[in-house]
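A closer look at the structure
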Amino acid sequence: MKDYQQILFPYAYNILGSAEDAKDAIQDVLSNYVATPREGVENEKNYLIKSVINHAINLRNRRKKVSYGEVWLPEPVATELADTNINLKDIVSYSLLILLEQLNPKERAVFILKEGFGYSHQEISEVLSGTVELSRKLLSRAKTKLSQSRQPVKLHREPVPSEVLKKYVNTIRGGDTERLEDLLAEDITFYADGGGKVNVVKKICRGIHEVADLLIYVYHKFEVNARIIATTVNHQPALLFYVDGKIISCQVLGISPESGEICQISTVVDPDKLRNIELETAGKGRQI
């Protein structure tokens, strides 16, 4: 069943946005599968995929909604080894996961299955026990909601040269606001998620001047002694900050493929969401 855990993970994670919840969902499905009669199951893999998708949808329906003014960011997953781990390739980009929070669970599932896994509407209708017409409507509704966002809707991102990350970090280290602003998009958005466990300076910050000032302030106040590791999270460039050997922050950068400017910065400081990324990247990545 170990192989199935790896195969099923992208389906559950892309719907839930949480690696821990995804693992729990998969364990529930596999435990139930082993414990019950399996007569009539012609394709074990497809049966388990369908079960995990529907279980993940039910879990999202039960998840408590984030209250107004709060920021909920997906749990980061290391994709540095995506070239050698075929299942990691199916994990959608971090920026897209944030956008997908606008969708209801079924819209999200249909969008991911159609755009991410290449399912036909007929196949989606069978997975969700619905109709082809309903699948088409859910996809159309999902695309309409996503199109209203300023951020580009892309499932995967191209790797960013390490020189870009070095320049970004060194500019913040030097406290050079003007040079930092040259790297940022005019309408950049900054998010920070402490999970209610860690206080953050600002949960949401928008605009080139405000974000530049915030980045320099946070670094010199909390991260000046940190060891910084460059890695890839959900197919996007990311920086991991370690203090006394313990990860304190994961910063995922959204970079415009057209201008090369940083248009979105997502900072996770929730210790529960950092636990897995710390284990996944232990001894890996490039120090800056």
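Structure report, in brief. All of these numbers come straight from a predicted model, not from anything done at the bench.

For the structure shown, the criterion picks out twelve salt bridges. Its salt-bridge partner being Glu107, residue Arg141 comes within 3.5 Å of it at the nearest N-O pair. Taken together, the positions of Arg141 in helix α7 (residues 132–147) and Glu107 in helix α5 (residues 105–116) put the pair 34 residues apart, joining distant regions of the chain. Judged by relative accessible area, which is 39%, Arg141 ranks as partly exposed. The class for Glu107 is buried, based on a relative accessible area of 0%.

Attention shifts here to a nonpolar patch on the surface. Together, Val201, Tyr217 and Phe222 make up an exposed nonpolar region whose accessible area comes to about 300 Å². With respect to the secondary-structure elements, Tyr217 resides in helix α10 (residues 208–223). Judged by relative accessible area, which is 43%, Tyr217 ranks as partly exposed.

The next thing to look at is the pairing of strand β1 (residues 184–193). Most of β1 sits out of view: eight of its ten residues are buried. Where β1 meets strand β6 (residues 262–268), six bridges bridge the pair, whose relative direction is parallel. Residue pairing in the sheet places Leu184 in a bridge with Ile262 of β6. Judged from the three bridges that link them, β1 and strand β2 (residues 204–206) form a sheet pairing that is antiparallel. Looking at the pairing, Tyr191 lines up with Ile204 of β2.

Running from N to C, helix α2 (residues 19–35) and helix α3 (residues 44–62) cross one another at 130°; their axes reach a closest spacing of 9 Å. With respect to their mutual orientation, α2 and α3 come out oblique. With respect to the hand of their crossing, α2 and α3 are arranged in right-handed fashion. Residues Asp21, Ala25, Ile26, Asp28, Val29, Leu30 and Tyr33 of α2 form the contact with α3, whose own contacting residues are Glu44, Tyr47, Leu48, Ser51, Val52, His55 and Leu59. When the residues that make up the contact of α2 with α3 are grouped by side-chain class, the tally is nine nonpolar, two polar and three charged.

Next up on the list: the side chain of Ser256. Inspection of the secondary structure puts Ser256 in the loop between β5 (246–255) and β6. Other than its neighbours up to four places away in sequence, Ser256 contacts Glu261 and Cys263.

Now for the sheet that holds strand β3 (residues 227–233). Ordered in space as β2-β1-β6-β5-β4-β3-β7, the seven strands form an open sheet in which the pairing is mixed. Lying at the two open borders of the sheet, with one neighbouring strand each, are β2 and β7 (286–287). Against the sheet, helix α8 (residues 162–173) contacts β3, β4 (236–243), β5, β6 and β7, and its axis sits at roughly 45° relative to β4. Contacting β1, β3, β4, β5 and β6, helix α11 (residues 271–280) runs over the sheet at an angle of about 90° to β5.

Before going further, it helps to spend a moment on unusual backbone geometry. A positive phi angle, near 65°, is found at His235, a position not held by glycine. Structurally, the position occupied by His235 is in the loop between β3 and β4. Look at Asp244: it is not a glycine, yet its phi comes out positive at around 55°. Residue position: Asp244 is located in the loop between β4 and β5.

Let us now look at α11. Residues Lys273, Leu274, Asn276, Ile277 and Glu278 constitute the buried set of α11. The inward-facing, buried residues of α11 contact α2, β1, β3, β4, β5 and β6. Where α11 begins, one side-chain oxygen reaches toward the backbone nitrogen of Asp272, 3.0 Å away; that side chain belongs to Asp270.

What counts and what doesn't
- Residues numbered from 1 in each chain as written.
- Predicted model: local features only at pLDDT ≥ 70, side-chain atom pairs only at ≥ 80, totals over all residues.
- Heavy atoms only, no water.
- Salt bridge = Lys/Arg side-chain N within 4 Å of Asp/Glu carboxyl O.
- Helix = DSSP H or I, 4+ residues; strand = E, 2+ residues; numbered from the N terminus.
- Buried < 20%, exposed > 50% of the residue type's maximum accessible area, 1.4 Å probe, protein only.
- Patch = residues over 30% accessible without salt bridge, like charges linked within 9 Å, V, L, I, M, F, W, Y side chains within 5 Å.
- Areas by Shrake-Rupley, 256 points an atom, 1.4 Å probe, with all protein chains shown as cover.
- Pairing = 2+ DSSP bridges.
- Axes fitted to C-alpha atoms, helices over the stretch in contact; angles between N-to-C directions.
- Parallel < 35°, antiparallel > 145°, perpendicular 65-115°, else oblique.
- Left-handed = near helix turned anticlockwise from the far one by under 90°.
- Contact = heavy atoms within 4.5 Å.
- Nonpolar A, V, L, I, M, F, W, Y, C, P; charged D, E, K, R; others polar.
- Polar contact = N/O pair within 3.5 Å; in protein donor to acceptor, adjacent residues only side chain to side chain.

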